[in-house]
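Read off the chains here:
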Amino acid sequence: GQGGEEGDKWRFIRKVGWLVSLVYASLGLVGYVMANSTASLIGGAVLSAPFAMASLLMELNAALGLTLGLVFSVVVFAYCVNKYRKSRKLMPAGVLLTFSTWTLLSYLRSIVGAF
């Protein structure tokens, strides 16, 4: 891993990646338990895995991990915008849009702060 100053520089976004991974996995599990939605369970796993991978990757290559997290944040944000436009429902589309917006802004904040 990266120690010292360089490791501290990326601590926030690594934690964001782990938190995002946990939240998406949890939301998928909640959807499955509450609505017996296999799609929610699969969606939670599919959404959580790249953010966990990005956080792990940042230990080896910060730029690559950050890029993966940012790219996936953009993809998820665009998907959530489209989903919310179609449904106009707070659950789950509005919640996912709000969370994906925070995620994208967090990755952008880390990139801007790196320069």
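Residues numbered from 1 in each chain as written. Predicted model: local features only at pLDDT ≥ 70, side-chain atom pairs only at ≥ 80, totals over all residues. Heavy atoms only, no water.

Enquirer: Got a minute to help me understand the nonpolar core in this structure?
Expert: Most often, soluble globular proteins have nonpolar side chains that are buried together. I13, Y24, F51, V76 and Y107 are the most contacted members of the largest nonpolar core, which totals 21 residues. Elements with a minimum of two residues in this core: α2 (11-35), α3 (38-60), α4 (62-87) and α5 (90-114). If one sorts the elements of this core by residue count, α4 sits on top with 7 residues. (Core = buried A, V, L, I, M, F, W, Y, C linked by side-chain atoms within 4.5 Å. Buried < 20%, exposed > 50% of the residue type's maximum accessible area, 1.4 Å probe, protein only. Helix = DSSP H or I, 4+ residues; strand = E, 2+ residues; numbered from the N terminus.)

Enquirer: Looking at this structure, I do not really get α3. What am I missing?
Expert: For an α-helix, 3.6 residues make a turn, and residues three or four places apart therefore share a direction. When the terminal C-alpha atoms of α3 are compared, their 34 Å separation across 23 residues agrees well with the 33 Å that a helix rising 1.5 Å per residue should span. Residues of α3 that are buried include every one of G44, L47, S48, P50, F51, A52, A54, S55 and M58, and no others. Structurally, α3 contributes buried residues whose contacts are with α2, α4 and α5. (Expected span 1.5 Å × (residues − 1). Contact = heavy atoms within 4.5 Å.)

Enquirer: Is there a simple way to explain the environment of L29 in this structure?
Expert: Among the structural elements, L29 can be located in helix α2. On the basis of relative accessibility, which here comes to 46%, the residue L29 falls in the partly exposed class. Measuring from C-alpha to C-alpha, the distance between L29 and A45 comes to 8.9 Å, with 16 residues separating the pair along the chain.

Enquirer: How should α5 be read in this particular structure?
Expert: If you check α5, its first and last C-alpha atoms are 34 Å apart, about what 25 residues at 1.5 Å a residue would give, namely 36 Å. By the burial criterion, the buried members of α5 are A93, G94, L96, L97, F99, S100, T103, L104, S106, Y107 and S110. Close packing links the buried residues of α5 with α2, α3 and α4.

Enquirer: Is there a simple way to explain the environment of V71 in this structure?
Expert: With respect to the helices and strands, V71 occurs in helix α4. The spacing of V71 and K86 is 15 residues in sequence and 23 Å in space, taken between C-alpha atoms.

Enquirer: What exactly am I supposed to notice about a nonpolar patch on the surface here?
Expert: On the surface, L29, V30, Y32, V33, M34 and L41 cluster together to form a nonpolar patch covering roughly 600 Å² of accessible area. A total of 5 residues in the nonpolar patch trace back to one element, the largest contributor, which is α2. With respect to the element layout, V30 can be found in helix α2. When its relative accessible area of 46% is taken as the criterion, V30 is described as partly exposed. (Patch = residues over 30% accessible without salt bridge, like charges linked within 9 Å, V, L, I, M, F, W, Y side chains within 5 Å. Areas by Shrake-Rupley, 256 points an atom, 1.4 Å probe, with all protein chains shown as cover. Salt bridge = Lys/Arg side-chain N within 4 Å of Asp/Glu carboxyl O.)

Enquirer: Would you take a moment to explain the packing of α3 against α4 for this structure?
Expert: Pairs of packed helices are described in terms of their axes, by the angle between the two and the distance that separates them. Contact pair α3 / α4: the axes reach a minimum separation of 6 Å and the direction vectors enclose 160 degrees. One finds that α3 runs roughly antiparallel with respect to α4. Relative to α4, α3 is oriented so that their crossing is left-handed. Here V46, L47, P50, F51, M53, A54, L57, M58 and L60 of α3 lie close against α4, whose contacting residues are A62, L64, G65, L66, L68, G69, F72, S73 and V76. Taken together, the residues that form the contact of α3 with α4 break down as 15 nonpolar, 3 polar and no charged. (Axes fitted to C-alpha atoms, helices over the stretch in contact; angles between N-to-C directions. Parallel < 35°, antiparallel > 145°, perpendicular 65-115°, else oblique. Left-handed = near helix turned anticlockwise from the far one by under 90°. Nonpolar A, V, L, I, M, F, W, Y, C, P; charged D, E, K, R; others polar.)

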